[in-house]
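What follows is each chain in one-letter form.
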Amino acid sequence: MRTSHVLGGALAAALLSLHAAPADAKPRAEPVEWSIGSEQFSGFLVYDDEGDARRPGLVMVPNWKGVNESAIAKARQVAGDDYVVLVADVYGKDVRPKTDAEAAPVATALRNDRPLLRARTAKAVDVLKAQAGKAPLDPARIGAFGFCFGGTAVLELVRGGAPLAGAVSLHGGLGTPMPAPAGAVKAPVLVLNGAADKAVPNEDIVAFGREMDAGGADWQFVNFGGAVHCFAEADAGNDPGSNCRYDARAAKRAYRILDGFFEERFGE
């Protein structure tokens, strides 16, 4: 059963109530911990526990504030009863920025160390696959998506040749010091971008297209007119002077496109 998980808030709740779901079915957000060497990481496995049928899994890399309640809420929105979503921690268990000022240096350090960013994001994929048997997950059907900084992280997975069913970047950065080698891209790619995003110059868009073509990628790029950075995140606010603000129209369309992309990729 496909629910309207592309919609948010009261409307989504009303639509969900129309489905004949078991009375005891409920969304879950279960903590998951893992390690890389001596470093500890902690994320959340998000899914609806209605039924035992195995479903595809998605790694979600949050924006630069990392794992928090907002990230879990976004994971629930996408997961619905269709996916098992791992909210991935790429910062470390004890690194939980509360403000942009706290998040900026942490995210910048990882953006400046792309091998480390790739390794931590790839580990999250392995962690998600390992949840099969603990959650209704099909480990043979795995994708990834991310917001802002998380979109950048997901694109690094793609550049590294990760064998994902599909990968989506929502208003993520496109530039990289480690472009994909020729023929190396294995995962189909969808980029959802704000056409008015000052953080994504046109030269980055052109370079990204050339990189994906050289990498042999099955790729799509969607520009949303008038939208800026953070357009798919309702908690970004709507300050007209900011380059990071929510755009309800673009967000609604973006989530529908994301949903259709993964539906096609997983054959549902």
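Structure shown above.
Only a predicted model underlies this, so the values are computations on that prediction, with no experimental measurement involved.

Peer 1: Got a minute to help me understand the pairing of strand β3 (residues 55-61) in this structure?
Peer 2: Within a regular strand, side chains alternate between the sheet's two faces. With seven of seven residues buried, β3 lies mostly within the body of the structure. When β3 meets strand β5 (residues 137-147), the two strands line up parallel, connected through six bridges. By the bridge assignment for β5, M60 is matched with F145. Bridge count between β3 and strand β4 (residues 84-87): four bridges; the pairing is parallel. Within β4, the residue paired with V59 across the bridge is L86. After leaving β3, the chain enters helix α2 (residues 69-79) and then returns to the sheet as β4, a path that is right-handed.

Peer 1: Explain the pattern of salt bridges here, please?
Peer 2: Once their charged atoms are close, side chains differing in charge can pair, the charge on each being opposite to the other. Throughout the structure, instances matching the rule amount to 14 salt bridges. Close ionic contact of R141 with D138 constitutes a salt bridge, the shortest N to O distance being 2.9 Å. A salt bridge links R159 to E156, with the shortest nitrogen-to-oxygen separation between them at 3.3 Å. A residue pair is termed a helical-turn pair when its members lie 3 or 4 positions apart in one helix, as R159 and E156 do in helix α5 (residues 149-159) at three residues. Given the relative accessible area of 1%, R159 is considered buried.

Peer 1: I keep staring at the sheet that holds strand β6 (residues 167-170) and nothing clicks. Help me out?
Peer 2: Within a beta sheet, neighbouring strands are joined by backbone hydrogen bonds and run either parallel or antiparallel to one another. The mixed open sheet is built from eight strands, whose spatial order is β1-β2-β4-β3-β5-β6-β7-β8. Two strands lie at the open edges of the sheet, namely β1 (27-36) and β8 (219-224), each paired on one side alone. If you compare each strand with its neighbour and ignore which way they point, the axes differ by 20° on average. When strand β7 (residues 189-194) meets β8, the two strands line up parallel, connected through six bridges. Bridge pairing links V189 to W219 in β8. Packing against the sheet, α5 makes contact with β3, β5, β6 and β7, and its axis sits at approximately 130° to β5.

Peer 1: When you look at the packing of helix α4 (residues 114-129) against α5 in this model, what are you seeing that I'm missing?
Peer 2: How two helices sit against one another is set out by the angle between their axes and by the gap between those axes. Running from N to C, α4 and α5 point in directions that differ by 85°, and their axes come no closer than 9 Å. By the angle class used here, α4 and α5 are roughly perpendicular. Two secondary-structure elements touch here, α4 through R114, L117, R118, T121, A122 and V125 and α5 through F149, T152, A153, E156, L157 and R159. Tallied by class, residues from the contact of α4 with α5 come to six nonpolar, two polar and four charged.

Peer 1: Would you take a moment to explain the nonpolar core for this structure?
Peer 2: In summary, soluble globular proteins display a tendency toward joint burial of nonpolar side chains. By size, the foremost hydrophobic cluster in this structure holds 43 residues, and its most contacted members are L45, V59, L86, L128, L164 and V189. With six residues, the top contributor of residues to this core is α5. If sequence neighbours within four positions are ignored, L86 has contacts with V32, W34, F44, L45, L58, V59, M60, A124, V127 and L128. Of all hydrophobic cores here, the second largest spans 31 residues; its members include M60, V78, F224 and A250.

Peer 1: Whenever I open this one, helix α6 (residues 202-214) confuses me. Can you help?
Peer 2: Side chains that are three or four residues apart share a direction in an α-helix, a result of its 3.6 residues per turn. Look at α6: 19 Å from first C-alpha to last across 13 residues, which is about the 18 Å you get at 1.5 Å a residue. All of the buried residues along α6 are I205, F208, G209, E211 and M212. End-on view of α6: buried residues confined to an arc of 165°, all on one side of the axis. Exposed residues on α6 whose side chains face more than 90 degrees from its buried face are N202, E203, R210 and D213. Buried-residue contacts for α6 involve α5, β7 and β8.

Peer 1: How should the pairing of β6 be read in this particular structure?
Peer 2: Of the two faces of β6, the one carrying A167 and S169 and the one carrying V168 and L170 are both buried. Bridging between β5 and β6 involves four bridges; their strand directions are parallel. By the bridge assignment for β6, A144 is matched with A167. In this fold, the crossover linking β5 to β6 by way of α5 has right-handed handedness. Pairing of β6 with β7 involves four bridges; the strand directions are parallel. Looking at the pairing, L170 lines up with L192 of β7.

Basis of the calculations
- Residues numbered from 1 in each chain as written.
- Predicted model: local features only at pLDDT ≥ 70, side-chain atom pairs only at ≥ 80, totals over all residues.
- Heavy atoms only, no water.
- Buried < 20%, exposed > 50% of the residue type's maximum accessible area, 1.4 Å probe, protein only.
- Helix = DSSP H or I, 4+ residues; strand = E, 2+ residues; numbered from the N terminus.
- Pairing = 2+ DSSP bridges.
- Right-handed = clockwise from strand over helix to strand, strands pointing away.
- Salt bridge = Lys/Arg side-chain N within 4 Å of Asp/Glu carboxyl O.
- Axes fitted to C-alpha atoms, helices over the stretch in contact; angles between N-to-C directions.
- Contact = heavy atoms within 4.5 Å.
- Parallel < 35°, antiparallel > 145°, perpendicular 65-115°, else oblique.
- Nonpolar A, V, L, I, M, F, W, Y, C, P; charged D, E, K, R; others polar.
- Core = buried A, V, L, I, M, F, W, Y, C linked by side-chain atoms within 4.5 Å.
- Expected span 1.5 Å × (residues − 1).
- Arc of directions from axis to C-beta.

Geometric descriptors of this kind do not, in isolation, establish any biological role.
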